[in-house]
Amino acid sequence: MIKTKEYVKRRKQLMKIVGEQSITLLSSRPELIRNGDVLHYYRQDSDFYYLTGFNEPDAVLVLIPSLTGQQQILFCREADPKKMLWDGPMLGTQRAVDECGFDAAYDIKEIDRRLPLLIQGCEKICFKIGENDEFDQRLSQWVKTIETRKGQKSNIPDEFMSISHVLHDMRLYKSNAEIKCMKKAADIAAGAHIRMMQNCRPEQFEYELQAHYAYHLTANQSHSSYPPIIGSGENNNTLHYINNNQQMRSGDLVLIDAGAEYDFYASDITRTFPVNGRFTARQKDLYAVVLQAQMDAIEQVKVGNHWNEFHDAAVKTISQGLLDLKILKGTLEQVLEEKTYAAFYMHMTGHWLGLDVHDVGDYRVDDLWVELEENMVLTVEPGIYISEHSNAPKVWRGMGVRIEDDIQVKIKGPVVLSNKAPKTIDEIEHTMKG
Ligand code: MG
Ligand code: MG
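Residues numbered from 1 in each chain as written. Chains lettered and ligands numbered in written order. Predicted model: local features only at pLDDT ≥ 70, side-chain atom pairs only at ≥ 80, totals over all residues. Heavy atoms only, no water.

K.L.:
How would you sum up the state of the cysteines? Please name residues and give values.
P.N.:
Taken as a whole and assessed by the stated rule, the structure comprises 0 disulfides. The thiol of Cys76 is not disulfide-bonded; the next cysteine sulfur, from Cys100, is found 8.3 Å away. (Disulfide = S-S within 2.5 Å.)

Written out as structure tokens, the structure reads:
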């Protein structure tokens, strides 16, 4: 759980970066209709949540880093007993001040009257330019209101600045409290993977494993951080397979990419295991290559290394493994030079992880891969995918393996947040024996 004082600190840090004479405006995510009268479960915009800890629609955050007066203001829905009767609790303006650390909070219905007065006199408006058309239009309306009111343009901010990059750079470095949430999200997902391993039987359908996953998450006050991928046999080779509706056969592998979200923070874990609980000799050989590639990559997740280095380590080990297993021909140099490994390993080895499963943050700056720093969190997820339609030797076709963990960058070395999910061949077979 992130404490209120941390949200206040983040807002202050942002104001310090954007500078005085500015006003920062951020809108909550609108509610989304699923179909008919039914709404999707509400989930706040990650940037908005990062600065507020406030999970309701119809809200606008206002930050004014002036030396005097109110700096941190929230416009939100007023707690309305009649509406709450239908929709459940709303925080309301008073509790927003008391519990979320705002200097002031106003009814969102008053925003057209109050906000132009707050904007007036600021030189710069900072917001997420172009991300919400309706908000952009309303903002130009608020600015126009100042124009008509004053009849002179000098009161209008003359600079618009996109806040996204500043905010996303802040989100890249996780605090201790954020790491705790992410560890919890990883532990819950690991528990779900263990439950799926223990309950997997030949002839079951993939969705029966999904039911175990859903149960474990819900029972731990969590939910999916993305739609889970539960693919057996040839489905292992469809990277974004989410139908999860095929019968699982003894002798096949099942690949499960399934994470949890806890207190808005995501985990993202992949494990691949045999449907019947025992790896065949060939499955062991392929699995061992991916596992070695993952361990070699994790070793390169260290402060001062660049983003590409752990990917390159994985590619090298996978390429050598594909040669050793005679899935590819040639020398290691040729395979790397001609990128023939890409027929079986076609994605990058990781991504940032945080409030979003594919979290914000640069991967390259000025054509250079970014340098890893303390308390960044990323995934390491190499794989080998040998489709039925590939030109690999027949005995290998129809197998796919990916292993994915969540790694915290630390000066003392990488910390595997998802370490509770069984990973070695022995650990997996032991877990499945129950
Ligand atoms: Mg994943
Ligand atoms: Mg991932």
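K.L.:
So what's going on with the coordination of the magnesium ion (ligand 2)? Which residues, and what values?
P.N.:
Around the magnesium ion (ligand 2), the protein contributes the donor atoms Asp268 (OD), His351 (NE2), Glu381 (OE) and Glu404 (OE), at 2.1 to 2.3 Å from the metal centre. All donors of the magnesium ion (ligand 2) come from a single chain, and their spacing in sequence reads D-x82-H-x29-E-x22-E. The metal-metal distance between the magnesium ion (ligand 2) and the magnesium ion (ligand 1) is 3.1 Å, with Asp268 coordinating both. Placement of the pair is Asp268 in the loop between strand E13 (265–266) and strand E14 (270–274) and His351 in the loop between helix H12 (332–338) and strand E15 (364–365), with a sequence separation of 83 residues. Using a relative accessible area of 3% as the deciding quantity, one classes Asp268 as buried. On the basis of relative accessible area, His351 is assigned to the buried category, the value being 8%. (Donors = N, O, S within 2.8 Å, 3.2 Å for Na, K, Ca; no water. Helix = DSSP H or I, 4+ residues; strand = E, 2+ residues; numbered from the N terminus. Buried < 20%, exposed > 50% of the residue type's maximum accessible area, 1.4 Å probe, protein only.)

K.L.:
Pulling in residues and values, what's your account of the sheet that holds strand E11 (residues 253–257)?
P.N.:
Pairing in this open sheet of 3 strands is antiparallel, and the strands run E10-E11-E14 from one edge to the other. Of all strands in the sheet, those bounded by a partner on one side alone are strand E10 (229–232) and E14. Strand after strand, the sheet turns through a mean of 15° between neighbouring axes, direction not considered. Pairing of E10 with E11, which is carried by 4 bridges, proceeds in the antiparallel orientation. The residue bridging Ile230 from the neighbouring strand is Ile256, located in E11. This element, helix H8 (residues 176–198), spans E10, E11 and E14 of the sheet and lies at about 10° to E14. (Pairing = 2+ DSSP bridges. Axes fitted to C-alpha atoms, helices over the stretch in contact; angles between N-to-C directions. Contact = heavy atoms within 4.5 Å.)

K.L.:
Residue-level account of the sheet that holds strand E21 (residues 415–416), with values.
P.N.:
With respect to topology, 3 strands assemble into an open sheet ordered E17-E20-E21, the strand pairing being antiparallel. A strand with exactly one partner marks an edge of an open sheet, and here the two such strands are strand E17 (377–380) and E21.

K.L.:
With reference to specific residues and values, describe a positive patch on the surface.
P.N.:
Among the surface-exposed residues, Lys3, Lys5, Lys9 and Lys180 lie close enough to one another that they form a single positively charged patch. Tracing the chain through its elements places Lys5 in helix H1 (residues 4–18). Look at Lys5 and you get exposed, because its relative accessible area is 64%. (Patch = residues over 30% accessible without salt bridge, like charges linked within 9 Å, V, L, I, M, F, W, Y side chains within 5 Å. Areas by Shrake-Rupley, 256 points an atom, 1.4 Å probe, with all protein chains shown as cover. Salt bridge = Lys/Arg side-chain N within 4 Å of Asp/Glu carboxyl O. Lys, Arg positive; Asp, Glu negative; His and termini not counted. Charge placed at Lys NZ, Arg CZ, Asp CG, Glu CD.)

K.L.:
Lay out the coordination of the magnesium ion (ligand 1) in plain terms, naming residues and giving numbers.
P.N.:
Every protein donor of the magnesium ion (ligand 1) is listed here as Asp257 (OD), Asp257 (OD), Asp268 (OD) and Glu404 (OE), and their distances to the metal cover 2.1 to 2.4 Å. Mapping the donors of the magnesium ion (ligand 1) onto the primary sequence yields the spacing D-x10-D-x135-E.

K.L.:
Which residues make up the environment of Met399, and what are the values?
P.N.:
Counting through the fold element by element, Met399 comes out in strand E19 (residues 399–402). Residue Met399 is classed as buried on the basis of its relative accessible area of 11%. In the structure, Met399 is positioned 297 residues away from Phe102 in sequence and 54 Å away in space, judged by C-alpha atoms.

K.L.:
Explain the nonpolar core to me, using residue names and the numbers behind them.
P.N.:
Counting 71 residues, the largest nonpolar core has Val254, Leu286, Ile327, Leu378 and Ile384 as the members making the most contacts within it. Counting residues per element, this core draws most heavily on helix H10 (residues 281–299), at 8 residues. Ignoring any residue separated from it by four or fewer positions in sequence, one finds Ile384 in contact with Leu286, Val289, Val290, Ile318, Leu322, Phe344, Met399, Gly400 and Val401. Within the second largest apolar cluster, 40 residues are counted, among which are Ile2, Tyr50, Phe102 and Ala266. (Core = buried A, V, L, I, M, F, W, Y, C linked by side-chain atoms within 4.5 Å.)

K.L.:
Describe in detail the packing of aromatic side chains, supporting the description with residues and values.
P.N.:
Evaluation of the coordinates by the stated rule reveals 11 aromatic pairs. Where Phe127 meets Phe160, the ring centres are 6.2 Å apart and the plane angle is 80°; that geometry is what we call edge-to-face. Linking Phe127 in strand E7 (residues 124–127) with Phe160 in strand E8 (residues 159–162), this pair joins segments that are 33 residues apart in sequence. An aromatic cluster is built from Trp307, Phe310, Trp352 and Tyr363, whose rings are joined through pairwise contacts. Directly above the ring of Tyr262 sits Lys184, whose terminal nitrogen or CZ lies 5.4 Å from the centroid. Note that Arg364 overlies the ring of Trp369, its terminal NZ or CZ placed 4.3 Å from the centroid. (Phe/Tyr/Trp six-rings, centres within 6.5 Å; stacked < 30°, edge-to-face > 60°. Lys NZ or Arg CZ within 6 Å of the ring centre and 35° of its normal.)

K.L.:
Would you mind going over the packing of H10 against helix H11 (residues 307–324) in detail, with residue names and values included?
P.N.:
Two elements in contact, H10 and H11, have axes separated by 8 Å at closest approach and are oriented at 155°. It follows that H10 is roughly antiparallel to H11 by the angle criterion. Read as a crossing pair, H10 and H11 show a hand that is right-handed. Each of Val289, Gln292, Ala293, Asp296 and Ala297 in H10 lies in contact with H11, whose residues at this interface are Phe310, Ala313, Ala314, Thr317, Ile318 and Gly321. Here the residues of the contact of H10 with H11 are counted per class, giving 7 nonpolar, 3 polar and 1 charged. (Parallel < 35°, antiparallel > 145°, perpendicular 65-115°, else oblique. Left-handed = near helix turned anticlockwise from the far one by under 90°. Nonpolar A, V, L, I, M, F, W, Y, C, P; charged D, E, K, R; others polar.)

K.L.:
Talk me through the pairing of E17; I want residue IDs and the actual numbers.
P.N.:
Burial along E17 is two-sided: Val377 and Thr379 and Leu378 and Val380, pointing in opposite directions, are all buried. Across 4 bridges, the pairing between E17 and strand E20 (residues 405–408) is antiparallel. For Val380, the partnering residue across the bridge sits in E20 and is Asp405.

K.L.:
So what's going on with the side chain of Asp107? Residues and values would help.
P.N.:
Tracing the backbone through its elements, the reader meets Asp107 in strand E6 (residues 104–107). Salt bridges are absent for the buried Asp107, whose nearest opposite-charge side chain, Lys109, sits at 4.7 Å. For Asp107, the side chain forms a polar contact with the main-chain nitrogen of Lys109, separated by 3.0 Å. Apart from the residues within four sequence positions on either side, Asp107 is in contact with Phe75, Cys76, Glu78 and Thr93. (Polar contact = N/O pair within 3.5 Å; in protein donor to acceptor, adjacent residues only side chain to side chain.)

Don't take any of this as a statement about function, it's just geometry.
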